[in-house]
Amino acid sequence: MLYRHLKSLILIIPTLTIGLWEYIRHAFLLPYISMDLGNWLAPLLVFLVTMTLLRKLFFMIEKLQEELQKERAAKAALEEREKIAQELHDGIAQSLFLLSVRIDRVEQSQTGVLTDALREAYQSLRKTVHEVNDYVRQAIAGLRYPVNPSAEPWMDSIRQLTEEFMQDTGIAVHLNWSLSEERIKLKEKVELYSTIREAMINAYKHADAANLWIQGSDRGEAGWSCEIRDDGKGFDAGTPSEARGGFGLLMMRERADELGWSLVIRREQGCTMVTIEKEDKR
Ligand SMILES: Nc1ncnc2c1ncn2[C@@H]1O[C@H](COP(=O)(O)OP(=O)(O)OP(=O)(O)O)[C@@H](O)[C@H]1O
Ligand SMILES: [Mg+2]
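A quick note: this is a predicted structure, and the numbers were derived from the prediction, not measured.

K.L.:
Can you break down the sheet that holds strand β1 (residues 172-177) residue by residue, with the values?
P.N.:
Spatially, five strands are ordered β1-β2-β3-β5-β4 in an open sheet, and the strand pairing comes out mixed. Because the sheet does not close on itself, it has two edges, and the strands there are β1 and β4 (262-268). Each strand axis lies, on average, 10° off the axis of its neighbour in the sheet, ignoring direction. Examined bridge by bridge, β1 and strand β2 (residues 211-218) share six bridges and lie parallel to one another. Considered in β2, the bridge of Asn-176 is made with Gln-215. Contacts between helix α5 (residues 186-206) and the sheet are confined to β1, β2, β3 (223-230) and β5 (271-279), with β3 contributing the most and set at about 20° to the helix.

Structure, rendered in structure tokens:
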């Protein structure tokens, strides 16, 4: 808008100047200024106006164009980042899920013949999958937030995760989320996503679950909570705290410690529940 006004001004000002000058000259200045002098003064006046006012206007137009250019470049960069984040998510994060499940299947199929060296190899494979997964999550978050305010909301990525999970595993996921995104900090979003994902994968890998319930609740002044519940067969090791073997639960606990969440895994009424609670500190 401003750009258009500036352009119109630049076009109109010389004509207006000469018109005004001729009017004033003929109406008021004829007794004082000779015809010859008047003819000389006209281009001089236009030249002066061009050098002062018009130069300023041209400068403003250049500035505007520069800003526009910068804005366009920034927008293109943001779009590019979003594209990379999406590719990372759709490609790598998704394949990691399948990889984790496959490692488990292969390991289970060899239970009788597993040597210590092989067991260690599986352990380190699993650890690497978790590490790459964490790295990918951080990279996606780094690309998306907070530079890109129009990036897809965090809740959408949870929804997408549950849909993909349902398609891949056939487990019915019931999402009941009433926790607003503003209540969770950026770092918490990244870690909460990883925790939910791990709990979901565990329910598929170890529990033969048919249903998964994911609930996010706002507890008002007391903070917020998130619960992932599966109706699977529960822990072989007896209590969840005795469960050993992988890195999923270990990393869940580490994350919870780091962020000040309380993490409880328990069996209740035929279900395994992973509960995360965060108190609001005021
Ligand atoms: N929802 C669940 N239901 C039943 N058992 C579970 C559940 N979650 C975890 N477990 C048990 O706890 C153990 C440890 O889980 P953890 O996520 O740490 O490792 P993993 O899933 O075996 O391997 P990784 O996560 O490293 O790929 C599992 O081997 C499994 O026996
Ligand atoms: Mg696991």
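K.L.:
Mind laying out unusual backbone geometry, listing which residues take part and the relevant values?
P.N.:
Most of the time, phi is negative for any residue but glycine, and the peptide bond is trans. If you check the backbone angles, Asp-208 has positive phi at about 50° while not being a glycine. With respect to the helices and strands, Asp-208 occurs in the loop between α5 and β2. You will see that Gln-269, though not glycine, has its phi angle at about 45°, which is positive. Among the secondary structure elements, Gln-269 is positioned in the loop between β4 and β5. Judged by relative accessible area, which is 77%, Gln-269 ranks as exposed.

K.L.:
Any chance you could break down the packing of helix α3 (residues 116-144) against α5 for me, citing the residues and the numbers?
P.N.:
At their nearest, the axes of α3 and α5 sit 10 Å apart, and the two run at 140° to each other. Considering the angle they form, α3 stands oblique to α5. Every pair of crossing elements has a handedness; the one defined by α3 and α5 is right-handed. On the side of α3, the interface is formed by His-130, Asn-133, Asp-134, Arg-137, Gln-138 and Ala-141, while α5 contributes Val-190, Glu-191, Tyr-193, Ser-194, Arg-197 and Glu-198. Partitioning the contact of α3 with α5 into residue classes produces three nonpolar, four polar and five charged.

Thresholds applied
- Residues numbered from 1 in each chain as written.
- Chains lettered and ligands numbered in written order.
- Predicted model: local features only at pLDDT ≥ 70, side-chain atom pairs only at ≥ 80, totals over all residues.
- Heavy atoms only, no water.
- Pairing = 2+ DSSP bridges.
- Helix = DSSP H or I, 4+ residues; strand = E, 2+ residues; numbered from the N terminus.
- Axes fitted to C-alpha atoms, helices over the stretch in contact; angles between N-to-C directions.
- Contact = heavy atoms within 4.5 Å.
- Buried < 20%, exposed > 50% of the residue type's maximum accessible area, 1.4 Å probe, protein only.
- Parallel < 35°, antiparallel > 145°, perpendicular 65-115°, else oblique.
- Left-handed = near helix turned anticlockwise from the far one by under 90°.
- Nonpolar A, V, L, I, M, F, W, Y, C, P; charged D, E, K, R; others polar.

Read these as layout, nothing more, since geometry by itself doesn't imply function.
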